Amino acid sequence: MQGYIIKVSKARDEDVIVTILAQNNLYTLYRFYGARHSQINLGFKIDFEVESSAKVSMSRLRKVMHLSMPCLLDRSRLFVWQQFTGLFYKHLQDTEELDSFYFQLLEDASNIWKTQSPKRIAIEAYVKLLKFEGRLHTSMNCFFCEEDIHQDLTLIRAFLPAHAQCIFAIPLNIDAVKELFDTGSSLFLEDKEIERIWHILLEGF
């Protein structure tokens with residue numbers, strides 16, 4: 001089966017515990033160290049097998065084969081990709097069976113990561129995730145004062161709208177944010193706004 005590595009934790013010696021987001025499952029597997037084993041890194045897409053045994057509580061990760069991802073060849077794009085994929089772990093860590101939406105979201109993002117702005121792709125993908133989970137607040141009401149927002153909009157964690165003055169933040173273009181929420185496109189956001197929204201995204205899903 002195939003999946004994306006969304007967390008790698010050290011176990012003992014050189015062994016690691018690997019969390020993999022597959023099409024309909026989240027796997028947490030034990031990986032024994034071996035000189036001939038493929039390298040395990042956050043964000044990599046792999047083909048793998050799961051080996052279970054009644055003698056151990058955690059299944060093993062076996063027969064790992066890395067699958068081609070052009071973005072891995074660009075260090076700056078890889079770094080953003082690893083930050084983005086790492087966010088999925090905290091969001092999904094208590095889940096085993098899950099909708100194929102999350103795997104497909106990473107599939108779609110990885111297919112264009114090499115040719116488009118990574119941070120814009122991540123932000124647009126996150127809006128899709130919020131819509132899928134029913135958590136996207138398209139009505140422009142301030143999360144803090146609960147008043148309508150007509151200008152000086154900003155966003156907080158989970159892209160909740162707020163008045164910039166309510167949280168002492170730099171405002172974003174309200175029309176561009178509405179376009180992002182309505183159509184999923186970040187086209188009308190300036191690069192400096194993308195950078196601010198990216199840092200909001202890094203706070204977690």
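This report concerns the structure included in the present document. (Residues numbered from 1 in each chain as written. Predicted model: local features only at pLDDT ≥ 70, side-chain atom pairs only at ≥ 80, totals over all residues. Heavy atoms only, no water.)

Thoughts on the environment of Tyr89
Note that Tyr89 resides in helix H1 (residues 75-92). Separated by 115 residues in the primary sequence, Tyr89 and Gly204 place their C-alpha atoms 9.9 Å from one another. Apart from the residues within four sequence positions on either side, Tyr89 is in contact with Ile6, Lys7 and Thr19. (Helix = DSSP H or I, 4+ residues; strand = E, 2+ residues; numbered from the N terminus. Contact = heavy atoms within 4.5 Å.)

As for the packing of helix H3 (residues 118-132) against helix H5 (residues 191-201)
Where H3 contacts H5, the two axes come as close as 10 Å, and the packing angle between them is 55°. Put simply, H3 runs oblique to H5. The handedness of the crossing between H3 and H5 comes out as left-handed. Mapping the contact onto sequence places Lys119, Arg120, Ala122, Ile123 and Tyr126 in H3 and Asp191, Ile194, Glu195, Ile197, Trp198 and Leu201 in H5. Tallied by class, the residues present in the contact of H3 with H5 amount to seven nonpolar, no polar and four charged. (Axes fitted to C-alpha atoms, helices over the stretch in contact; angles between N-to-C directions. Parallel < 35°, antiparallel > 145°, perpendicular 65-115°, else oblique. Left-handed = near helix turned anticlockwise from the far one by under 90°. Nonpolar A, V, L, I, M, F, W, Y, C, P; charged D, E, K, R; others polar.)

Here's the deal with the state of the cysteines
Tallied over the full model, the rule gives zero disulfides. In this model Cys142 remains outside any disulfide bridge; the closest cysteine sulfur is found in Cys145, 3.7 Å from its own. The buried category is assigned to Cys142, whose relative accessible area is 2%. (Disulfide = S-S within 2.5 Å. Buried < 20%, exposed > 50% of the residue type's maximum accessible area, 1.4 Å probe, protein only.)

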